[in-house]
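# Architecture at a glance
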Amino acid sequence: SRQAHEKLHKAQENLACSDAHQQEELGIMQPFVLFVSRNKALCTHVTRWLFLRFQHQHGTHAAKDAISCFHVLFQPLEHGPCVMELEEGALGEQRISEPQPISYDVQYSLVVVDEAHHLFKQGLLDGIIDKFAPTGQAGELTHLMLLSDLSQANGVDIGQAYNAAEFHLTEIVR
């Protein structure tokens, strides 16, 4: 979908500075991205897409670094953010691992909420934003991207509820 492509490109931009050794030398914090979706399958698909794109553009090492900073959150939300890593299968194929819960606190540079209108209607969106993209933290800025398809929103205007800028995507680029 057009939303999927927009969110994937934004996440890739945030992860583009993925050379951990260079960042450490420069004193740059690793940019963490949180992708929130209602289901694990989409989280796995997006993680794999990012890995393959980074691998093609920057090599396998950079791709592994990038997805190590790409966290996913899916229902049930109580499990908290997880990370997926690259692993090698029995036949030598590369695949994305099962999600592993993270055990450390993270300040995310970008939080992407897919199908935000569903989480809003379920009363879950405020909790996600408060916990992972809080406002007013001195010196830290978390960008928040709420993705919503108006044709599926059933009259819910989350852009107005969160004082968000609204963008209409009109082209699908594959």
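Sequence order as written defines residue numbering, which begins from 1 separately in each chain. pLDDT decides what is reported in this predicted model: residues at 70 or higher carry local features, side-chain atom pairs at 80 or more are listed and counted, and totals for whole chains, interfaces and linings draw on all residues regardless. The side-chain values count all of the structure's non-hydrogen atoms but skip hydrogen atoms and water molecules.

### A few points about the packing of aromatic side chains
Worth spelling out the cut-off: Aromatic contacts are taken between Phe, Tyr and Trp rings whose centres are within 6.5 Å, Trp giving its six-membered ring; a plane angle under 30 degrees counts as stacked, one over 60 as edge-to-face, and the others as tilted. Helix and strand assignments come from DSSP, with helices taken as H or I runs of at least 4 residues and strands as E runs of at least 2, each series counted from the N terminus. Under the scheme applied here, a residue whose accessible area is under 20% of the maximum for its type counts as buried, over 50% as exposed, and between as partly exposed, the area being computed with a 1.4 Å probe on protein chains only.
Evaluated as defined, the whole model comprises two aromatic pairs. With a centroid separation of 6.2 Å and an interplanar angle of 25°, the aromatic rings of F35 and F70 are classed as stacked. Remark: F70 occurs in strand β2 (residues 70–73) and F35 occurs in strand β1 (residues 32–36); sequence separation between them is 35 residues. Each member of the pair F35 and F70 is classed as buried. With 6.2 Å between their ring centres and 70° between their planes, Y108 and F132 make a pair best called edge-to-face. With Y108 in strand β7 (residues 108–113) and F132 in helix α6 (residues 125–132), this residue pair connects regions lying 24 residues apart in the sequence. For F132, a relative accessible area of 12% gives the class buried.

### Quick look at helix α3 (residues 40–58)
Rules: Multiplying one less than the number of residues by 1.5 Å gives the expected span of a helix. Directions drawn from the helix axis to the C-beta atoms are what define this arc.
Look at α3: 26 Å from first C-alpha to last across 19 residues, which is about the 27 Å you get at 1.5 Å a residue. Among all positions in α3, only C43, V46, T47, L50, F51 and F54 are buried. Seen end-on, α3 carries its buried residues on one side only, within an arc spanning 135°. The outward face of α3, more than 90 degrees from its buried face, is lined by the exposed residues A41 and H56.

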